[in-house]
Amino acid sequence: MPARSLSFFSNTYITFSHRLTGSNSVMNTIKSSIPRFSGLLRKRPFPMPSPGPPLPPGILVDEEISPVYDSRYFYAAKAGELLADRYQILVKVGWGVSSTVWLARDLQGHVEEPESVVALKIVNNNTSSASREREIEEHLSTADPSHRGRSLIRTLLDSFEVKGPEGSHPCLVYPPMRESLAMYQRRFDDSKMPLPLVKTYIRVLLTGLDYLHKVCRTVHTDLKLENIMVSFEDPTVLADFMDSQLAKPMPFKMDSAGRPVYLARNDFGPLKSLRSIPQLVDFGLATRIREDDDWGVWPIQPDHYRAPEVILGNGWQMPTDIWNLGVLLWDMIEGKELFRHIHDQEGRYDAKLHIAEMIALLGPPPPEIIQRSQFLREYPWPTPVRREDGRVCETAEEYFCGPFFDEKGITRLPILIELFFYSRNTLGHFLHEDLIPDRRLGDTASFLRGEEKEAFLDLAKGMLAWRPDMRKTAGELAEHPFLQPKQTSA
Ligand SMILES: Nc1ncnc2c1ncn2[C@@H]1O[C@H](COP(=O)(O)OP(=O)(O)OP(=O)(O)O)[C@@H](O)[C@H]1O
């Protein structure tokens, strides 16, 4: 049977779907579905990793590809090395602009389970994000461990520092995960997960967001397919991977400064079943909202998923994640982005194109949104923010190259009085009407038909409202009819 056969997945899905909708709570199902890795090594002890074949020095590998790569900042990890007298580095599985990620053997256990496999993120010595990530994740793991959404948030198992010649490197220890949702999706025909499975995933992610928002009062701010990881469907997948990787050691090279750079391997092979569970990961940019009148103001979110209140400088809170996930629905279901024309001809993000497309899909923003943005533009951010092009900006308007609406009829009356006397004729119009494309939200969901399409659009509209306070909460959305599994006769 081919690994990507849809019918294979669909059959397996029935079991999965049933498990999630049976009498057990989602929480119980999820707990029992996330495989445990402790004991794997005890039963099948791994050999010490040996050095793999050398790569040609002229080829850039993994983290070296980044234009800002600087050897001094990355830890020179070596396969087989023991960190903190406890974690032995085995296989490199990932890298980012400021870290490398490894599977490691955790040598400290107890009598029953003396060893286990963990993922070790070794962070650069020049970044402060690790302490922030650690602090937020501590809050997330302890806010209410009994909430059913808690297990859908990936948090730290441990953390420590390791010394390098150029400074100290924070090391964050996590449970190992199979892969990001972006990679998981590609395992299916046409990179499309079966619809019932996607629905389950969306519901599960909303349950995690409900915990994040309602209990932890935290905004993720950076939801994308890469920041959703899926668990291993079966412990043998990881065990087999480790056997194969250690039998065929990682190729490596020395960079120009003599630091070893290994080639990451993160393909854990075909799916054995659809029992993987998605988890929200990477809280390095997450922000706590302690009071109802706390607002984030600085620019957040990946370009495609950026909410209007971020671009317009209106301040953001938890509903901003809801917009973000609302836009992600298209990536998850259709494998395509909802917003198609948000970059200029040089490929740079262009906020006016983005707003123009929002207007095409959702209609014009309500007046109070424009009013608030024009009112708040008078108040510079407490700390200026540097744009990618180096310009230091003090307001969202400066940062995103506004203004986007004219000031026709805007008075300097207090905002509440203005809102009271508002009429559509007196408020600013979009300054770039010629850029509004001819697209409708309904036309973007051609992957669905009939009632299913209507239900999907209703869900999406509950997430993609201009006014953040008109968006539904994660908890409410998880109950939406579109996401509920169809009852099948036994
Ligand atoms: N728990 C884990 N288990 C397995 N692989 C992981 C785990 N965590 C991260 N990875 C892998 O490592 C990669 C880099 O991790 P991560 O995105 O956390 O690094 P980063 O430094 O924050 O990246 P960037 O800053 O560039 O976004 C991921 O894309 C993933 O492939």
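About the cut-offs
- Residues numbered from 1 in each chain as written.
- Predicted model: local features only at pLDDT ≥ 70, side-chain atom pairs only at ≥ 80, totals over all residues.
- Helix = DSSP H or I, 4+ residues; strand = E, 2+ residues; numbered from the N terminus.
- Buried ≥ 20, exposed ≤ 12 C-beta atoms within 10 Å, placed from the backbone.
- Contact = placed C-beta atoms within 7 Å.
- Axes fitted to C-alpha atoms, helices over the stretch in contact; angles between N-to-C directions.
- Parallel < 35°, antiparallel > 145°, perpendicular 65-115°, else oblique.
- Left-handed = near helix turned anticlockwise from the far one by under 90°.
- Nonpolar A, V, L, I, M, F, W, Y, C, P; charged D, E, K, R; others polar.
- UniProt positions renumbered as here; feature names shortened; annotations may be inferred.
- pLDDT = per-residue confidence, 0-100.
- Core = buried A, V, L, I, M, F, W, Y, C linked by C-beta atoms within 7 Å.
- Pairing = 2+ DSSP bridges.
- Near = placed C-beta within 6 Å.
- Expected span 1.5 Å × (residues − 1).
- Bend = angle between axes of the 7 residues up to and from the residue.

Draft legend 1. Summary view of the overall build of the chain. Helix and strand counts for the chain come out as 15 helices and 15 strands. Looking at the 490 residues of the chain, the share that counts as buried comes to 37%. Put simply, of all contacts in the chain between residues at least 6 apart along the chain, 71% involve residues at least 24 apart.

Draft legend 2. Local environment of the packing of helix H6 (residues 195-215) against helix H9 (residues 319-333). Direction vectors running N to C along H6 and H9 enclose 165°, while the axes themselves pass 11 Å from each other. With respect to H9, the element H6 is oriented roughly antiparallel. Seen from above, H6 lies across H9 with right-handed handedness. Packed against H6, whose contacting residues are Leu195, Val198, Tyr201, Ile202, Leu205, Leu209 and His213, the element H9 presents Asp321, Leu325, Leu329, Met332 and Ile333 at the interface. Across the contact of H6 with H9, the residue classes tally to ten nonpolar, one polar and one charged.

Draft legend 3. Summary view of the UniProt feature "binding site: ATP" (unreviewed entry) in the chain. Annotation from UniProt places "binding site: ATP" (unreviewed entry) at Lys121. Once residues lying within four places of it in the same chain are set aside, the contact partners of Lys121 are Ser99, Val101, Cys171, Leu172 and Tyr174.

Draft legend 4. Up close: the confidence of the model for the chain. The predicted model of the chain has a mean per-residue pLDDT of 87, with 84% of residues at 70 or higher. In the predicted complex, the global pTM is 0.87; the interface-specific ipTM is 0.96.

Draft legend 5. Quick look at the nonpolar core. Leu205, Leu206, Ile311, Leu325, Ile355 and Met463 are the most contacted members of the largest nonpolar core, which totals 67 residues. A per-element tally of this core places H6 first, with nine residues. Residues contacting Ile311, with those up to four places away along its chain left out, are Arg306, Ala351, His354, Ile355, Ala396 and Phe400. Tyr75, Tyr87, Val101 and Cys171 belong to the second largest nonpolar core, which has 31 residues in total.

Draft legend 6. View of the sheet that holds strand E9 (residues 228-230). An order of E7-E9-E12 is seen for the three strands of this open sheet, with the pairing classed as antiparallel. Strands at the two margins of the open sheet, each flanked by one partner only, are strand E7 (179-180) and strand E12 (278-280). Of the pairings in the sheet, the one linking E9 to E12 comprises three bridges and is antiparallel in character. Paired with Val230 across the strands is Pro278, a residue of E12. Packing against the sheet, H6 makes contact with E9 and E12, and its axis sits at approximately 30° to E12.

Draft legend 7. Seen up close, unusual backbone geometry. Looking along the chain, the bond that leaves Gly402 and enters Pro403 is cis, with omega of 0°. Structurally, Pro403 can be placed in the loop between helix H12 (396-399) and helix H13 (415-421). Of note, the phi angle at Ser191 is positive, near 55°, even though the residue is not glycine. If you trace the backbone, Ser191 turns up in the loop between helix H5 (181-185) and H6. Ser191 gets classed as partly exposed once you count the C-beta atoms within 10 Å, which come to 13. Positioned with a positive phi, Asp282 is a non-glycine residue whose angle comes to about 65°. The topology assignment puts Asp282 in the loop between E12 and strand E13 (287-288). Assessed through the 21 C-beta atoms surrounding it within 10 Å, Asp282 is described here as buried.

Draft legend 8. Up close: the site of the ligand. Contacts to the ligand come from 18 residues, most closely from Gly94, Gly96, Ser99, Val101 and Ala119. Counting residues per element, the shell around the ligand draws most heavily on strand E2 (residues 87-96), at four residues. Across the shell around the ligand, the residue classes tally to eight nonpolar, seven polar and three charged.

Draft legend 9. Just the sheet that holds strand E5 (residues 158-164), in detail. Strand order in this open sheet of six strands is E1-E2-E3-E4-E6-E5, and the pairing throughout is antiparallel. Of all the strands in the sheet, just strand E1 (82-83) and E5 have a single pairing partner and so form its edges. Note: E1 against E2, two bridges, orientation antiparallel. Note on E2: the bridge partner recorded for Leu82 is Gln88. Along the sheet, helix H4 (residues 129-142) makes contact with strand E4 (116-123), E5 and strand E6 (167-174), crossing E6 at roughly 30°.

Draft legend 10. Main features of the pairing of E6. By the bridge criterion, four bridges tie E4 to E6 in an arrangement that is antiparallel. Note that in E6 the partner of Leu120 across the bridge is Val173. By the bridge criterion, seven bridges tie E5 to E6 in an arrangement that is antiparallel. Paired with Val162 across the strands is His169, a residue of E6.

Draft legend 11. Broad picture of the environment of Leu120. Topologically, Leu120 is positioned in strand E4. We classify Leu120 as buried; it has 30 C-beta atoms within 10 Å. Taking the C-alpha atoms as reference points, Leu120 and Val101, separated by 19 residues in sequence, lie 5.5 Å from one another.

Draft legend 12. A look at the environment of Phe404. Topologically, Phe404 is positioned in the loop between H12 and H13. Note: C-alpha distance between Phe404 and His429 (25 residues apart in sequence) is 8.2 Å. Excluding residues that lie within four positions of it along the chain, Phe404 makes contacts with Lys352, Ile355, Phe430 and Leu431.

Draft legend 13. Geometry of H9. An ideal rise of 1.5 Å per residue puts 21 Å on 15 residues; H9 measures up with 21 Å between its terminal C-alpha atoms. At Val327, H9 is bent by approximately 30°, the largest bend along its length. Looking at the buried side of H9, the elements it contacts are H6, strand E8 (218-219), helix H8 (308-311), helix H14 (450-461) and helix H15 (474-478). Immediately downstream of H9, the backbone of Gly335 shows phi near 75°, a positive value.

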